[in-house]
Amino acid sequence: MLKRLEIVGFKSFAKKTTLEFTASTTAIVGPNGSGKSNVAEAFRFALGEQSMKSMRGKRAEDLIWGGSHQAPRANRAAVVIVFDNARRMFKIDFDEVAIERAVFRDGTSEYSINGSRVRLRDVVELLASANIGETGHHIISQGEADRILLASPRDRRAMLEDALGLKMFEFKKQEASRKLEKTEENIAQINSLRRELAPHLRFLEGQVKKLERADSLRAELVELAHIYFAIEDNYLAEEKVKHATEKQAAIGRLAVAADELARIEERATTDAEGVKRLDVVRATEREIEKLSSERGTLAREIGRVEGALAATKERSSKTAREPYAKVPREELLALAREAGKQALEAKSPEAVRAALSAVAEMVKAFVDRFVSPADDLMDEEEDTVYALENERTELFAKDEKLSETLENARATLARAREALTAHDETGRELRRKILDLAQTKAHEENALTANEARARELVFLTEALDRTKAEAAALAGMNTLSYKPLMRMPDEDRHTQEERKHTIERAMIRLEEAGGTGEDIRQEHKEVKERETFLATELDDLSKSSAGLAALITDLDTELGKHFSDGLAQVNTSFSEYFSLMFGGGSARLTLEAEEESEDEELGEDIGASEVVDVKRPGIEIVVSLPKKKVRSLMQLSGGERALTSIALIFAMSQVNPPPFLILDETDAALDEANSRRYGDMIENLAKKSQLIVITHNRETMSRASILYGITMGNDGVSKLLSVKFDEAVAVAK
Ligand code: ATP
């Protein structure tokens, strides 16, 4: 319930002015321009009005006392409306609620509730909770009685919703929509963050998978390394012992072989008999060689003699080959005579010819031999042959002797060789032994060399093992080296262990490639994963809250729709009643805008709540039907008729959901006497449900008020307030 209004520095109220509202109807009267409407505007102002126009100003400073000759201008205008909140009309736990607004020349406003600074929004919400809406339907300014008639269907709807107290739903809806919008923004933001994060996370997951593979590889390596190291330790230890034993044995054997060899070589150098026999053999061999050479010379000599002999004989044999060469002289002559005789006696020519040829011949032989002979030559050749034959005989004798000597020498050589061979058996034996021993010695030396190589190999293997251990420990941790020593070598060949080594080396290469234990990667993955999980949870929460908000908006729409259609029906009932009361008949009603024609009917009647949801909310039309007149448009009504219609509507709206107070600034200005009375009746009726503040020049209206305030303005331009009696009021009003 409205308790009082305090005005200071606001418009014409230069000084602090307090209006108490102790009755249900208060009338404010006074001459034109005294500042009555400023009171109505003071209400608007304090209730958070943002439109300068509706407070008849252009700038904030138009609201502040501008000053006069008598009173300096103010820098601040302030209005406080005080409500009685004993019944907790406002949803705050105070018996009194003081809503204050101040404005400064720079245009800034300050709001407070019960002295605490608040935002405009807080004021608006607090008022809405008490059904004091911001559309100001409860403050009807001067000349604005038919504002609701002139307003657009949409604005009308807003006014109606406001009057029906549905503003709270709107606020809640707006709040929910704002939150929903914010939530959607956050969702979009989180989605984009997740999108940004996704490739990095995927990359890290890949890395971590690799690391995990490296982990299992490391575990395998450790397991295998334990086996390998244990076996290798054992192997090397055993091999070292074996090697040392072998070395000692080889050294021993070598010493024995060397001793033996030295001894035998010593023996071999003192073999004089063998040397002597060899000398005999060699001397004999030289002798034979000499004899053979001599014999060769002799043979060549014999050859020469025989050659000469043959040549000489050849020559002499040519002569000797003549047919009568050997026939002595007398005999040859006898033969020739005989042949001549035969020729003489021959019968045939052929026989003659043959006998003559024989004669010729014999004659030739005789001539050659006896008539002109080469007797000297014949004798010389015979001498030569003789000499040569003698020489040959001599040479043959010599050769025979030489051959004999050679034979003897050969026999001597054979014997000497035999003796030497017999002796050589012993020498060969010695040499063979020397060779054997030398071989044995070389073998042992080789064995020692091999042993040395093996020693180096074992050192190398030990170093390699140490290196592998160090590398494995560096790659897979120190536990790689904590293995139990082997009790017994496994029954396997060395190849198996070498295979193990290869496997370990491969594993180490792969681990090295994997690059460290990747603690930083794991940490980063953990953090990014956590962030992703956090975002996913956040997104889930936001989606839930988004769904919740959407549902809330739907619910609010549903409720709003339901309340609206209920309220509309009630307003229509009252509107029609007031209308026919004012006009003495006829009817009036509010309908929903035509563009949603099909739904209008439903909504106007019994509207299904859910159908209003998400439907573009139609505006409100006013349909009137005057008694005995046919009007199609509101604009065709007279000023008085328009005033009556809007009063009927305002009152109807107030009836359904009465506001705590209603300010009517000369709403009755256009009414004639009869209508003024009807207006007065309605005011009385209305005052039962809302506190009324009527600014009026109307005597009838004044008569219905319990309290009357007179407002006057002196030369100083300052509005002054005074309580007046009815009669005074009538006077003051003039
Ligand atoms: P009517 O009966 O004709 O409607 P009214 O009583 O409602 O008149 P208002 O309109 O409330 O009169 O008052 C207007 C008066 O207030 C004017 O005299 C105007 O000069 C004065 N006024 C308005 N704003 C200021 C201001 N900022 N400082 C001083 N005076 C102001």
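Residues numbered from 1 in each chain as written. Predicted model: local features only at pLDDT ≥ 70, side-chain atom pairs only at ≥ 80, totals over all residues. Heavy atoms only, no water.

## Notes on the overall build of the protein
Along the protein, the regular secondary structure elements total 17 helices and 14 strands. Radius of gyration (C-alpha) of the protein: 80 Å, far over the 27 Å computed for a compact globule of 734 residues. Projecting the C-alpha coordinates of the protein onto the three principal axes gives extents of approximately 240 × 95 × 60 Å. The proportion of buried residues among the 734 residues of the protein is 41%. Residue pairs at least 24 apart in sequence account for 75% of intrachain contacts in the protein once pairs closer than 6 positions are excluded. When the accessible area of the protein is evaluated, it comes to approximately 40700 Å², of which 53% is carbon and sulfur surface. (Helix = DSSP H or I, 4+ residues; strand = E, 2+ residues; numbered from the N terminus. Rg over C-alpha atoms; globule rule 2.2 N^0.38 Å. Buried < 20%, exposed > 50% of the residue type's maximum accessible area, 1.4 Å probe, protein only. Contact = heavy atoms within 4.5 Å. Areas by Shrake-Rupley, 256 points an atom, 1.4 Å probe, with all protein chains shown as cover.)

## Remarks on the domain arrangement of the protein
Along its sequence, the protein is organised into domain 1 (1–132 + 659–734), domain 2 (165–271 + 427–517) and domain 3 (280–425). At the interface, 6 residues of domain 1 touch 6 residues of domain 2. Taking both partners together, domain 1 and domain 2 bury about 440 Å²; carbon and sulfur atoms supply 62% of that area. For domain 1, the biggest contributors to the area lost against domain 2 are Arg-121, Glu-125 and Ala-128; these three give 67% of the whole. Counting across the interface, domain 1 meets domain 2 through 1 salt bridge. For Glu-175, the salt bridge identified is with Arg-121, shortest N-O distance 2.5 Å. Of the residues in the side of domain 1 that touches domain 2, the class split is 2 nonpolar, 2 polar and 2 charged. (Domains from an automatic or database assignment. Buried area = accessible area lost by both parts, 1.4 Å probe. Salt bridge = Lys/Arg side-chain N within 4 Å of Asp/Glu carboxyl O. Nonpolar A, V, L, I, M, F, W, Y, C, P; charged D, E, K, R; others polar.)

## Quick word on the pattern of salt bridges
The tally for this structure, following the rule as stated, stands at 52 salt bridges. Here Asp-95 ties to Arg-88 by a salt bridge, and the two come within 2.8 Å at their closest N and O atoms. Each of Lys-3, Arg-4, Glu-6, Lys-16 and Glu-96 takes part in a single network of salt bridges with overlapping partners.

## Some remarks on the sheet that holds strand E4 (residues 76–84)
In sheet architecture, strand pairing relies on hydrogen bonds along the backbone and comes in two forms, parallel and antiparallel. Here 6 strands make up an open sheet; going across it, the order is E2-E1-E4-E5-E6-E7 and the pairing antiparallel. Both outer strands of the open sheet, strand E2 (17–20) and strand E7 (116–118), are each paired with one neighbouring strand and no more. Between one strand and the next, the sheet's axes are offset by a mean angle of 20°, whatever the strand orientation. Relative to E4, strand E1 (residues 2–8) is paired through 6 bridges, and the arrangement is antiparallel. The residue bridging Leu-5 from the neighbouring strand is Ile-81, located in E4. (Pairing = 2+ DSSP bridges. Axes fitted to C-alpha atoms, helices over the stretch in contact; angles between N-to-C directions.)

## Details of helix H4 (residues 153–163)
Among the residues of H4, those classed as buried are Arg-156, Arg-157, Met-159, Leu-160, Glu-161, Asp-162 and Ala-163. Gly-165 sits one or two residues past H4 and shows a positive phi near 75°.

## Structural notes on the site of the ligand
With respect to spatial proximity, 19 residues lie near the ligand, and among them Asn-32, Gly-33, Lys-36, Ser-37 and Arg-56 are the closest. With respect to the ligand, the side chain of Ser-37 contributes an N or O atom lying 2.9 Å from an oxygen atom. Within the backbone of Asp-62, an N or O atom sits 3.1 Å from a nitrogen atom of the ligand. In isolation the ligand has 650 Å² of accessible area, and contact with the protein removes 73% of it. (Near = heavy atom within 4 Å. Polar contact = N/O pair within 3.5 Å; in protein donor to acceptor, adjacent residues only side chain to side chain.)

## Concerning helix H10 (residues 494–514)
For H10, with 21 residues, the first-to-last C-alpha span of 30 Å sits near the 30 Å given by 1.5 Å per residue. Buried within H10 we find Gln-497, Arg-500, Ile-504, Ala-507, Met-508 and Leu-511. Along the axis of H10, the buried positions cluster into a sector of 105°, meaning they face one direction only. For H10, the exposed residues set more than 90 degrees away from the buried face come down to Arg-510 and Glu-513. (Expected span 1.5 Å × (residues − 1). Arc of directions from axis to C-beta.)

## Details of the environment of Glu-331
Positionally, Glu-331 belongs in helix H7 (residues 329–345). A relative accessible area of 45% means that Glu-331 is categorised as partly exposed. Taking C-alpha positions, Glu-331 is 89 Å from Leu-430, a pair spaced 99 residues apart along the chain.

## Considerations on the confidence of the model for the protein
Averaged over all residues, the pLDDT of the protein equals 85, while 93% of them reach at least 70. Counting interchain partners and residues more than four positions distant, the pLDDT-below-50 stretch residues 596–615 has 27 contacts. (pLDDT = per-residue confidence, 0-100.)

## Brief notes about the nonpolar core
Within the largest apolar cluster, 58 residues are counted, with the highest numbers of intra-cluster contacts made by Leu-160, Leu-590 and Phe-651. For this core, the element with the highest residue contribution is helix H11 (residues 519–583), accounting for 10 residues. Setting aside its immediate chain neighbours within four residues, Leu-590 contacts Leu-160, Leu-568, Val-571, Asn-572, Phe-575, Ile-620, Glu-621, Ile-622 and Leu-649. (Core = buried A, V, L, I, M, F, W, Y, C linked by side-chain atoms within 4.5 Å.)

## Some words on the packing of aromatic side chains
Summed over all chains, the structure comprises 11 aromatic pairs. Relative to Phe-661, the ring of Phe-83 has its centre 5.9 Å away and its plane inclined at 40°; by these criteria the two rings are tilted. Taken together, the residues span a long stretch of sequence, with Phe-83 in strand E4 and Phe-661 in strand E11 (residues 661–665) at a distance of 578 residues. As far as burial versus exposure is concerned, Phe-83 and Phe-661 are alike and both buried. Cluster of aromatic residues (ring-pair linked, three or more members): Phe-21, Phe-43, Phe-83, Phe-90 and Phe-661. (Phe/Tyr/Trp six-rings, centres within 6.5 Å; stacked < 30°, edge-to-face > 60°.)

## Some details on the packing of helix H14 (residues 639–656) against helix H15 (residues 673–687)
Between H14 and H15, the shortest axis-to-axis distance is 11 Å and the interhelical angle comes to 10°. With respect to H15, the element H14 is oriented roughly parallel. Here Leu-644, Ile-647, Phe-651, Ser-654 and Gln-655 of H14 come into contact with H15, specifically with Asn-675, Tyr-679, Met-682, Ile-683 and Leu-686. (Parallel < 35°, antiparallel > 145°, perpendicular 65-115°, else oblique.)

## Considerations on the packing of H11 against H15
The contact between H11 and H15 brings their axes to 9 Å, and the two run at 150°. Between H11 and H15, the angle is such that the two are roughly antiparallel. In contact with Tyr-578, Leu-581 and Met-582 of H11, H15 contributes Asn-675, Arg-678, Tyr-679, Met-682, Asn-685 and Leu-686. Residues of the contact of H11 with H15, tallied by class, amount to 6 nonpolar, 2 polar and 1 charged.

## A closer look at the sheet that holds strand E14 (residues 719–723)
The strand order E8-E11-E12-E3-E13-E14 describes an open sheet built from 6 strands, whose pairing is mixed. Both outer strands of the open sheet, strand E8 (139–140) and E14, are each paired with one neighbouring strand and no more. Of the strand pairs in this sheet, E8 and E11 are connected by 2 bridges, and their pairing is parallel. Its bridge partner lying in E11, Ile-139 is registered against Ile-663.

## Observations concerning the side chain of Ser-719
Secondary-structure assignment places Ser-719 in strand E14. At a separation of 2.5 Å, a polar atom in the side chain of Ser-719 contacts the main-chain carbonyl oxygen of Ser-34.

## Focus on the pairing of strand E3 (residues 25–29)
When you tally the buried positions in E3, you get 5 out of 5 residues, the bulk of the element. Covered by surrounding structure in E3 are Thr-25, Ala-27 and Val-29 together with Thr-26 and Ile-28, the residues of both alternating faces. Direction of pairing for E3 relative to strand E12 (residues 691–695): parallel, over a ladder of 4 bridges. Opposite Ile-28, over in E12, you have Ile-695 as the bridge partner. Note: E3 against strand E13 (residues 707–713), 4 bridges, orientation parallel.

## A closer look at the side chain of Thr-26
Within the fold, Thr-26 resides in strand E3. Residues within four places of Thr-26 in sequence aside, it is in contact with Phe-21, Leu-692, Ile-693, Val-694, Ala-705, Ile-707 and Tyr-709.

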